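Structure at a glance
What follows is each chain in one-letter form.
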Number of protein chains: 2
Amino acid sequence: MDDQILKPGDRDYVGALASGLEVLQVFDAEHPRMTLSEVAARTEMDRAKARRFLLTLHALGFIKRNGRQFELTPRVLQLGYAYQASNQYRAVIQQYLEDITAELGESSSLAVLDGDDVVYVVRSSARHRLMAITLSVGTRLPAAYTSMGRVLLAQLPEPELDAFLARVKLEAFTAFSIHSADALKKDIIKVRKQGYSIVDQELDSGLRSVAVPVFAGNGELLGAINISTNAARVDMDTLLGVYLPRLQQAAEAVRRTTH
Amino acid sequence: MDDQILKPGDRDYVGALASGLEVLQVFDAEHPRMTLSEVAARTEMDRAKARRFLLTLHALGFIKRNGRQFELTPRVLQLGYAYQASNQYRAVIQQYLEDITAELGESSSLAVLDGDDVVYVVRSSARHRLMAITLSVGTRLPAAYTSMGRVLLAQLPEPELDAFLARVKLEAFTAFSIHSADALKKDIIKVRKQGYSIVDQELDSGLRSVAVPVFAGNGELLGAINISTNAARVDMDTLLGVYLPRLQQAAEAVRRTTH
DNA sequence: AAACTTATGTTCGCATATCGAACTTATTGA
DNA sequence: TCAATAAGTTCGATATGCGAACATAAGTTT
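The rules behind each value
- Residues numbered from 1 in each chain as written.
- Chains lettered and ligands numbered in written order.
- Predicted model: local features only at pLDDT ≥ 70, side-chain atom pairs only at ≥ 80, totals over all residues.
- Heavy atoms only, no water.
- Core = buried A, V, L, I, M, F, W, Y, C linked by side-chain atoms within 4.5 Å.
- Buried < 20%, exposed > 50% of the residue type's maximum accessible area, 1.4 Å probe, protein only.
- Contact = heavy atoms within 4.5 Å.
- Pairing = 2+ DSSP bridges.
- Helix = DSSP H or I, 4+ residues; strand = E, 2+ residues; numbered from the N terminus.
- Axes fitted to C-alpha atoms, helices over the stretch in contact; angles between N-to-C directions.
- Near = heavy atom within 4 Å.
- Polar contact = N/O pair within 3.5 Å; in protein donor to acceptor, adjacent residues only side chain to side chain.
- Buried area = accessible area lost by both parts, 1.4 Å probe.
- Salt bridge = Lys/Arg side-chain N within 4 Å of Asp/Glu carboxyl O.
- Nonpolar A, V, L, I, M, F, W, Y, C, P; charged D, E, K, R; others polar.
- Parallel < 35°, antiparallel > 145°, perpendicular 65-115°, else oblique.

1. Quick look at the nonpolar core
In a soluble, globular protein the nonpolar side chains are often hidden away together inside. A:Leu24, A:Phe27, A:Ile225, B:Leu24, B:Phe27 and B:Ile225 are the most contacted members of the largest nonpolar core, which totals 108 residues. Ignoring anything within four residues of it in the chain, the contact list for B:Phe27 reads A:Ala82, B:Pro32, B:Arg33, B:Met34, B:Val39, B:Leu54, B:Ile63, B:Phe70, B:Glu71 and B:Leu72.

As structure tokens, this is what we get:
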């Protein structure tokens, strides 16, 4: 039973919890505040049901109400806080990433794999860059199209990588986007060999990034770190000749500092 | 009914959601991973009940399981993400706070009021400082004992401030901790007049900080920003003569940049 | 190896928590 | 003023979730 995952309908599955969390997650950057009817529509719940969850979340302090509009409160940060607090290496890594940003003027991040996405868990944003501003801790991006994603996929045991490749839905974000599981697998094998990944304008026009894995001194994989830049500003020689060594240096510094 | 808050036992209150969120929040820095029995003990739930919530959260991807141990996944960051994403000013403020850290070598933060606490929502940590490392986005501290808290309390309408003073439980964290609601109210009135707050070693030995409110160009209160330092390193003259003007400058820059 | 302790898995009767249809009331816009 | 939209509320029904009790597994001690 250990690896068995509950499904909705299983007697031990708590549907009210699942539905309540769905209500919490319906708020996003495009819908920071909504009426009861909007929440019901977006969650496809009966209005009375959605109302009960909104009022319960309000009672618990996770949602506030302004007239007919509901919105999240900072208390929701509490739900993710323990995840961030559970790894004391985060603060150390933050310092190294900020060094990179200070030195190269580019954004640098740490991400971990979660399902088919990477999740940003540490972020040092370069200033005055539009792309930099829109990414923050908690942001998820498809692993298949990011350099950090490919680095983390490269660390998976073969069966898990194959399972990922079997289920991943590939999408043409740009003309350069990888479009077959075969091609993706070939690239990941290459990443395994060379120890880094470069992804160039596959997710968004102009977005170019390089990533390496980062380990603690005890061998534990902490995630992938990257430097992301704009193709118009940084050519491939600079990415390989300057940015990659700097990133590898930061990964090595993390490894030596942690145990 | 607008301002009426549901209570447990009310027919519209969804107890299973409340309990499920309690399970999620039982994980913290000291208990990043726990067995089923530990979760049941810490939440004071029947073991079978705790088990159903853990397995449901596992099915939803918020918790992972290693043998008998359960721990949070990065997906929990998703729950707080919408809150962070809902205010585009956060990225702008981050830049200004990082300028302060770069220039003064001190940590600087933005916090908002949530219940009787302040919650850190933006953070620029000075490097190699123990205190800096332990505070992060999502951290909550008692509003009464922090400079940002007092600045935010000073912004409350009188009835809300009085309600806060009536219910707040004061605690002697240090010998310098304020210990009466009267003294706290006097200080907050002073903060209203002078437009900033200094709190000196009331929460922790050596911890000294100055805070000011920060508004968007349209008058919306965004929170309070602070600079926190160590009393051994920065005297009161420097705090008032150098740090405060710098903070006010950052608040003014935020006001001019946002609308 | 056996006994004991601790932990977890599972079942299922049952009480009640939650669901949603339907009706009422409030708000908004033309 | 009226129609449309939105929200509040009730309550019968029943599916959900609870927890006691028993079974099984794992770890520790003797």
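From this point, the discussion proceeds with the structure in view.
2. Details of the sheet that holds strand S2 (residues 63–66) of chain A
All names here are of chain A. Strand order in the open sheet made by the three strands is S1-S3-S2, with antiparallel pairing throughout. Edge positions in the sheet fall to strand S1 (33–35) and S2, since each of these pairs with one other strand and no more. On average, each strand axis in the sheet is inclined to that of its neighbour by 30 degrees, with strand direction left out of account. As defined by bridge partners, S2 adjoins strand S3 (residues 69–72) across four bridges and the pair is classed as antiparallel. What sits directly across from Asn-66, in S3, is Gln-69. Its contacts with the sheet place helix H2 (residues 36–43) against S1 and S3, and it is angled at close to 95 degrees to S1. The strands that helix H3 (residues 47–60) touches are S2 and S3; relative to S2, the one it contacts most, it runs at about 105 degrees.

3. Structural notes on the protein's contact with DNA strand D
With respect to spatial proximity, 20 residues lie near DNA strand D, and among them A:Ala16, A:Ser37, A:Arg47, A:Arg65 and B:Arg11 are the closest. When atoms of DNA strand D within 4 Å of the protein are sorted by moiety, sugar and phosphate together comprise 59%. A:Arg47 places a polar side-chain atom, nitrogen or oxygen, 2.7 Å from a base oxygen of DNA strand D. Here a base oxygen of DNA strand D sits 2.7 Å away from a polar atom, N or O, in the side chain of B:Arg11.

4. Focus on the interface of chain B and chain A
Taken together, the 65 residues of chain B in the interface contact 66 residues of chain A. Ranking the residues of chain B by area buried against chain A places B:Leu17, B:Leu77 and B:Leu79 at the top, with a combined share of 11%. Between the two partners, chain B and chain A, sit four salt bridges. A salt bridge links A:Asp12 to B:Arg51; the shortest N-O distance between them is 3.4 Å. Put simply, chain B and chain A have six residue pairs in polar contact (both at pLDDT 80 or more) between them. Of all the elements in the fold, those that place two or more residues in the side of chain B that touches chain A are helix H1 (15–25), helix H3 (47–60), helix H4 (77–85), helix H5 (89–104), strand S4 (107–114) and strand S5 (117–124) of chain B. Its residues assigned to classes, the side of chain B that touches chain A shows 36 nonpolar, 16 polar and 13 charged.

5. Points about the sheet that holds strand S5 (residues 117–124) of chain A
All names here are of chain A. Here we have six strands laid out as an open sheet, ordered S6-S5-S4-S9-S8-S7, and antiparallel in their pairing. Looking at which strands have only one partner, the edges of the open sheet turn out to be strand S6 (140–142) and strand S7 (197–200). Pairs of neighbouring strands in the sheet enclose a mean axial angle of 35 degrees, with direction left out of account. Note: strand S4 (residues 107–114) against S5, seven bridges, orientation antiparallel.

6. Some words on the environment of B:Thr174
Residues and elements named next belong to chain B. One can find Thr-174 in the loop between helix H8 (158–167) and helix H9 (181–194). Taking the relative accessible area as the measure of exposure, Thr-174 reaches 14% and is therefore buried. Thr-174 sits 28 residues away from Glu-202 along the chain, and the two C-alpha atoms are 5.7 Å apart. Not counting chain neighbours up to four residues away, the residues in contact with Thr-174 comprise Gln-201, Glu-202, Leu-203, Asp-204 and Ser-205. Only 3.0 Å separates the side chain of Thr-174 from the backbone nitrogen of Phe-176, close enough to count as a polar contact. Here Gln-201 takes part through its backbone oxygen, which lies 2.5 Å from a polar atom of the side chain of Thr-174.

7. Quick look at the pattern of salt bridges
Residue and element names in this part refer to chain A. The full count for this structure, using the stated rule, is 35 salt bridges over all chains. The shortest N-O distance in the salt bridge between Arg-255 and Glu-252 comes to 2.8 Å. One end of the pair is Arg-255 and the other is Glu-252, both in helix H10 (residues 236–257) and three residues apart, which spans about a single turn. Arg-255 gets classed as partly exposed once you look at its relative accessible area, which sits at 38%.

8. A word on the packing of helix H7 (residues 147–154) of chain B against H9(B)
All names here are of chain B. As a packed pair, H7 and H9 sit with axes 9 Å apart at the nearest point and diverge in direction by 75 degrees. When the axis of H7 is compared with that of H9, the two are roughly perpendicular. Taking contact as the criterion, the partners of Arg-150, Val-151, Leu-153 and Ala-154 in H7 are, on H9, Leu-184, Asp-187, Ile-188, Val-191 and Arg-192. Partitioned by chemical class, the residues of the contact of H7 with H9 number six nonpolar, no polar and three charged.

From the geometry alone we can't say anything about function, so treat these as descriptive.
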